[in-house]
Amino acid sequence: MTDTIFALASAPGRAGVAVMRASGPGAGAALDAVAGPPRPEPRRAALRELKRADGTKIDLGLVLWFPGPASFTGEDCVEFHVHGGPAVVEALAAALTAQDLRPAEPGEFTRRAFEHGKLDLTEAEGLADLVDAETEGQRAQALAQMTGALKALYEGWRERLIEILAAIEGEIDFPDEEDVPKQLARTAGPPLDALIGELEAHLADDRRGERVRDGFAIALIGAPNAGKSSLLNVLAKREAAIVTEIPGTTRDIVEVRQVRAGFPVMLADTAGLREAADVVEAEGVRRALARAEEADVRLALVDVSRETPDADYLARLRPGDSLILNKTDLADAPQIAAPDGVSVFPISAATGSGIAALEAWIDATVRDRLSMRESPALSRARHRQGVERAVAALGRARDQLTEHPELAGAEAHAALRALEGLTGRIDVEDVLDRVFAQFCIGK
Ligand SMILES: Nc1nc2c(c(=O)[nH]1)N(C=O)[C@@H](CNc1ccc(C(=O)N[C@@H](CCC(=O)O)C(=O)O)cc1)CN2
Ligand SMILES: Nc1nc2c(ncn2[C@@H]2O[C@H](COP(=O)(O)OP(=O)(O)OP(=O)(O)O)[C@@H](O)[C@H]2O)c(=O)[nH]1
Ligand SMILES: [Mg+2]
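Residues numbered from 1 in each chain as written. Chains lettered and ligands numbered in written order. Predicted model: local features only at pLDDT ≥ 70, side-chain atom pairs only at ≥ 80, totals over all residues. Heavy atoms only, no water.

Visitor: When you look at the site of ligand 1 in this model, what are you seeing that I'm missing?
Guide: All residues adjacent to ligand 1 are R21, R43, P69, A70, S71, F72, E79, H81, K118 and K443. Here an oxygen atom of ligand 1 and a side-chain polar atom of R43 are 3.2 Å apart. One of the side-chain N or O atoms of K118 is found 2.6 Å from an oxygen atom in ligand 1. Compared with its free state, where it exposes 680 Å², ligand 1 has 46% of that area covered by protein. For the shell around ligand 1, the residue count by class is three nonpolar, two polar and five charged. (Near = heavy atom within 4 Å. Polar contact = N/O pair within 3.5 Å; in protein donor to acceptor, adjacent residues only side chain to side chain. Areas by Shrake-Rupley, 256 points an atom, 1.4 Å probe, with all protein chains shown as cover. Nonpolar A, V, L, I, M, F, W, Y, C, P; charged D, E, K, R; others polar.)

Following this line, the structure appears as structure tokens:
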């Protein structure tokens, strides 16, 4: 027996209209009880008086009837579109509870859609990401994933791997009189190599999809007093960090989250790098270096009225980073031969000179690194782990292919299981629990 569940699909709180959904075998009877027979035409809105069991009125609302399996969950579903006052929603919830429906757990509607084959696991994750999407880039990536972009990729690999497995097992079970190794090297070798290459290319994507979800990290680093906090405030368009003329003002990392080129960006201001005067500053410097290390891009600031970066300093910048010559209102920017791939920007955080060019570069960097490509990006650590496990097993299968075809077959099976775990084809209960628990209630 499956429970019939209900939940508010719209956001809680006061609203013009609230949408209550129910799904399960008792959904139709609950609709009859609250909105009175006859049921509306499937998938058509009907205006109805909604009533409690004792006949007292709750609201005048729109109701919809989605008989399974042609519904979002695959089960019988109903929707009540009511006036969005908390008392209306509360009264409707009580009326549904009185019909033996129970409140849904987070993600339970989508989990049911998954169990009924309406979505695979990557599509369900895309749906969760779409509900959470706050920027245009996140929305586009989530929509692609929800409509099957990753599923198609992973299912395509799965099918090719099954063919490879058939070739390996066919050779083991029915060896052509001679030369099994030679046969296998010819039939299974090239497709296996091609598959491994594609999985490796999918992994070597600079963590693009994960960054679209979590944010692109930029770290401001440099000597004390270089003007890092001043620049942060200019970029944030607010006084996010304390600025003083005292070197060593910033100690903790000050983070500002913003949207650039349609993607989430995390700007981090850090403590000035120097031999620290006390334990607090030392910890600040340690955190600054750690953040610089893990950031996607470093903006290294120099006060041109006080210092000229030496070769050692420049050598620590990586391609894609930028060197920012600040305080050009006080002194001319020196000519500097920056390392390959490092962009140089003379600016003044005080007057705003050079800031527009710097911002255009930051936006272009974010766009270049995160924009959608033709092939879909893996968007979660779960995908990365699954593909890594598959590619490792395929590599071992390749190594054993001609000498020990049985072992190669076992490894290819392991890779198949890893791919099937990605789409949720083989179900790993704790993975499902984890994925669906991240949904909001009503999804
Ligand atoms: N009112 C309302 N708006 C909504 C939803 C909803 O459930 N209710 N959605 C909920 O997330 C999204 C739309 N997604 C949906 C996906 C599938 C089906 C559905 O009924 N699918 C059936 C029939 C398909 C068809 O007739 O073409 C099926 O897949 O069999 C409905 C909504 C966004 N807007
Ligand atoms: N003239 C001038 N002064 C600036 C400029 N940028 C920053 N300053 C000044 O330089 C001093 C230090 O600026 P901060 O932004 O606090 O420097 P910081 O790099 O964050 O310093 P720490 O937090 O100590 O590492 C302040 O007095 C700022 O007003 C600039 O472009 N021109
Ligand atoms: Mg500072």
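From this point, the narrative continues.
Visitor: What's the story with the UniProt feature "binding site: (6S)-5-formyl-5,6,7,8-tetrahydrofolate" (unreviewed entry) in the protein chain in this structure? I'm lost.
Guide: Per the UniProt record, "binding site: (6S)-5-formyl-5,6,7,8-tetrahydrofolate" (unreviewed entry) is annotated on R21, E79, K118 and K443. Mapped onto the fold, R21 is located in strand β2 (residues 15-23). The contacts of R21, once residues within four sequence positions are left out, are I5, F6, A7, A9, F72, V78, E79, F109, G442 and K443. Looking at the element boundaries, E79 is found in strand β5 (residues 77-84). (UniProt positions renumbered as here; feature names shortened; annotations may be inferred. Helix = DSSP H or I, 4+ residues; strand = E, 2+ residues; numbered from the N terminus. Contact = heavy atoms within 4.5 Å.)

Visitor: Just to check I follow, could you spell out the site of ligand 2 for this structure?
Guide: Ligand 2 sits among 24 residues. The nearest are N225, K228, S230, G248 and D329. In this structure, an oxygen atom belonging to ligand 2 sits 2.9 Å away from a side-chain N or O atom of S229. Within the backbone of A349, a nitrogen or oxygen atom sits 2.9 Å from an oxygen atom of ligand 2. The fraction of the free accessible surface of ligand 2 (650 Å²) that becomes covered by protein chains is 87%. Sort the elements by how many residues they give to the shell around ligand 2 and helix α10 (residues 228-236) lands first, with three residues.

Visitor: Could you clarify how one ought to interpret the pattern of salt bridges in this entry?
Guide: Once the charged atoms of two side chains with opposite charge are near each other, the side chains can pair. Tallying each qualifying case throughout the model produces 38 salt bridges. Salt-bridge contacts for E108 lead to R112; the nearest nitrogen and oxygen are separated by 3.7 Å. Pair noted here: E108 and R112 are both in helix α3 (residues 108-115), with a separation of four residues, about one helical turn. A single burial state applies to E108 and to R112, both of which are buried. A salt bridge links R384 to E210; its shortest N-O distance comes to 2.8 Å. Here R384 is found in helix α14 (residues 381-400), whereas its partner E210 is found in helix α9 (residues 208-214), with 174 residues between them in sequence. (Salt bridge = Lys/Arg side-chain N within 4 Å of Asp/Glu carboxyl O. Buried < 20%, exposed > 50% of the residue type's maximum accessible area, 1.4 Å probe, protein only.)

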